Each structure stands twice: as C-alpha cells, then as structure tokens.
Amino acid sequence: MFFRALRNFISFLLLVLNGNAHYQNREKLPTKGSFVLVAPHRTWIDPVYLAIAAKPKEFAFMAKKELFKNPILSWVIRHANAFPVDRKNPGPSAIKTPVKILKEGKMNLVIFPTGTRHSSELKGGAATIAKLSGVPIIPAVYQGPLTFKDLLKRKRVTVRFGDPILVDKTTRLTKERLKEIEVEIQQAFDQLDHEIDPSYEYKITS
C-alpha cells in the first residue's frame, strides 16, 4: 500500500516537473509471476522511473546498509520495500532475502548489476537470484536527465524494456556460465540503448 501510494505521488510530481517521459515495450513485462528487472545504474532517479514505467507491478529493492542508519529514512525505504545489503561484505541474506520475496510471487525485484552509477562491471547476483527463484530476468535501460537541473528543463526521459533472459534452474552457474549471462545482459542493454537512440553515449557526471 505504501509503495503504491509513494509511487503515485512521485509519478504526479515528476509529471509536473518534467512531463516528458516515454515508456516503451511494456508488453515485455511478464503478466504472471515475478521477475528480476535489471538495468544499468546511471543516475539517482532511474530507480524511480523504472518503477513508474512498470506500473502496476510492485518491486523490492536492494539498498546499501548505510541508508538505514537514519531512522526516518530507514522507515521510509523499508516501507517502500527496500532491504539492506552490505555491499563490501554481502552475506547469505543478500541472496536469500530476494529469493524468498520472488518465490512468494507478490513482488518483483530491481537489481542494478553494475552496482554503482560509475561502474560498467556486471555482477553475477541477478543470475543467481533468478535461477534460485525460478523467474526470468527482464533487461531495461533509462535514457534521460542525469541531474535535477536537466530534469527541470523537461528533457526527454525514456525507459525501454527488453526480451526476457531465462536462467534454467538446472543450469550450473560456473564462472564461465555467469560470464555468458553477464555478456547477454550487457548486449541487451546495448541493444535497447541503440533502439532508443543509435547515437546515445552514457557520460558520467560528477
């Protein structure tokens, strides 16, 4: 309930502030069952736009444990379906918690496999979670403003979803297989970026 209310409020706010959002290939999202939504993390606002683009789907989010130190912020993000993860020393809960959420079938999971906005290295967590929970991976990309200033300039925002990537539950996730899945995810990101804008190039901002 809180997640839906918060998303509706932020969606209205962004409509007023920007009003130039476009959501493409929403039919790629599974109509039944949960899924793992993966995307490159490019700016502070792309998680918000991904959640809005996938309405009415509900999501859980991994969030770095440091965000939960502030009691007020902790209350808000916990009620927005976020759970803490120690990025430096991830324990078993980093896998067990999202797998449990996905198996329950009530929510989906957003993962940024690059980890941070300034990284291009893909991680194997999405593939492991997808396999153990038996759900598909849905790639997506965000193209749009990277700063609040550009958001207010009403620059175009585009979120585009791609074809599902399936990880068979019988697959043994060796280093080689994980690398193959990482390459498949990165190729999906590249293809989606090209489909939106063939000249697109992500530029890191400080």
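Quick caveat: nothing in here was measured; it's all calculated off a predicted structure.

Draft legend 1. Region of interest: helix α7 (residues 175-196). The end-to-end C-alpha distance of α7 is 32 Å, a good match for the 32 Å that 22 residues give at a rise of 1.5 Å each. Buried residues along α7 sit in contact with β2 (36-38), α5 (125-133), β6 (137-143) and β7 (157-161).

Draft legend 2. Representation of the packing of helix α4 (residues 93-104) against α5. α5 packs onto α4 with a crossing angle of 45 degrees between their chain directions and a minimal axis gap of 9 Å. In this view, α4 runs oblique relative to α5, as classed from their interaxial angle. In this structure, the crossing between α4 and α5 has a hand that is right-handed. Here A94, I95, P98, V99, L102 and K103 of α4 come into contact with α5, specifically with T128, I129, L132 and S133. Of the residues in the contact of α4 with α5, the class split is seven nonpolar, two polar and one charged.

Draft legend 3. Seen up close, helix α2 (residues 46-53). Counting buried positions along α2 gives seven out of eight residues, so the element sits mostly inside the fold. Along α2, the residues classified as buried are D46, P47, Y49, L50, A51, I52 and A53.

Draft legend 4. Representation of the environment of G125. Relative to the helices and strands, G125 resides in helix α5. The sequence separation of G125 and L178 amounts to 53 residues, and the corresponding C-alpha distance is 9.3 Å.

Draft legend 5. Looking closely at the pairing of β7. Most of β7 is tucked away: five of the five residues are buried. Relative to β7, strand β1 (residues 21-24) runs parallel, the two being bridged by four bridges. Paired with Q24 across the two strands is R160, which belongs to β7. Here four bridges tie β6 to β7, and the two strands are oriented antiparallel to one another. From the neighbouring strand, Q143 faces β7, where its bridge partner is T158.

What counts, and where the lines are drawn
- Residues numbered from 1 in each chain as written.
- Predicted model: local features only at pLDDT ≥ 70, side-chain atom pairs only at ≥ 80, totals over all residues.
- Heavy atoms only, no water.
- Helix = DSSP H or I, 4+ residues; strand = E, 2+ residues; numbered from the N terminus.
- Expected span 1.5 Å × (residues − 1).
- Contact = heavy atoms within 4.5 Å.
- Axes fitted to C-alpha atoms, helices over the stretch in contact; angles between N-to-C directions.
- Parallel < 35°, antiparallel > 145°, perpendicular 65-115°, else oblique.
- Left-handed = near helix turned anticlockwise from the far one by under 90°.
- Nonpolar A, V, L, I, M, F, W, Y, C, P; charged D, E, K, R; others polar.
- Buried < 20%, exposed > 50% of the residue type's maximum accessible area, 1.4 Å probe, protein only.
- Pairing = 2+ DSSP bridges.

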